[in-house]
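Coordinates in review
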Amino acid sequence: MPTDLPYAADAEVSLSYDELEVLRLQYQKELVQSHVTIQTQFNYAWGLVKSPLRDHQVEGVRLLQEIYRAEPTRRRECLYYLALGHYKMGNFDEAKKFNGLLIEKEPTNLQAQSLGSLIDKDVARDGYIGMALAGGIAALGTLLVAGFIRRATRK
């Protein structure tokens, strides 16, 4: 999924296993103490969203959604990573929704604009793939019907 867009680097760059492990251990330590700070939760969610593993991305989005709902003052900073997480998971409608909310708040945010371009490009690509599949199915259907008609007229 490489891109030449300069500001959407988070779409391609993951943390190392060791870097993510540091964030996970801090999160787990605070979880055991029954007090996870918003910053620790955000840091861990950020690392998970950047991961190439879908399970990590799903968990990262879940943690970011918790912050988004519980902490109105932190919503803006969650929007980009919610959009990024959904983008990486292929949930383009959700990605567009969160990215659109960020662009409404910050119309000049180059990171959000860049991610929006990536989302639009992948939505268009998926549309072309869908049209190609539909065209192939229609062609196959036409061939099958023609074969049935041909066989029926021979009898």
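A brief look at the structure comes next. (Residues numbered from 1 in each chain as written. Predicted model: local features only at pLDDT ≥ 70, side-chain atom pairs only at ≥ 80, totals over all residues. Heavy atoms only, no water.)

Between its terminal C-alpha atoms helix H2 (residues 38-50) stretches 18 Å, which fits the 18 Å expected from 13 residues at 1.5 Å a residue. Turning to H2, its buried residues are Thr-40, Gln-41, Phe-42, Tyr-44, Ala-45, Gly-47, Leu-48, Val-49 and Lys-50. Structurally, H2 contributes buried residues whose contacts are with helix H1 (17-32), helix H3 (54-70) and helix H4 (75-89). (Helix = DSSP H or I, 4+ residues; strand = E, 2+ residues; numbered from the N terminus. Expected span 1.5 Å × (residues − 1). Buried < 20%, exposed > 50% of the residue type's maximum accessible area, 1.4 Å probe, protein only. Contact = heavy atoms within 4.5 Å.)

What follows covers the nonpolar core. Tyr-44, Leu-64, Leu-84, Tyr-87 and Leu-115 are the most contacted members of the largest nonpolar core, which totals 29 residues. Ranked by residue count, the leading element in this core is H4, at 9 residues. Those residues in contact with Tyr-44 that lie beyond four places of it in its chain are Leu-20, Leu-23, Arg-24, Tyr-27 and Leu-63. (Core = buried A, V, L, I, M, F, W, Y, C linked by side-chain atoms within 4.5 Å.)

The end-to-end C-alpha distance of H3, which contains 17 residues, comes to 24 Å, matching closely the 24 Å that a straight helix rising 1.5 Å per residue would cover. Within the span of H3, buried status applies to Gln-57, Gly-60, Val-61, Leu-63, Leu-64 and Ile-67. Buried residues along H3 cover an arc of 165° about the axis, so they all sit on one side. Turned more than 90 degrees away from the buried face of H3, the exposed residues are Asp-55, Arg-69 and Ala-70. Structurally, H3 contributes buried residues whose contacts are with H1, H2 and H4. (Arc of directions from axis to C-beta.)

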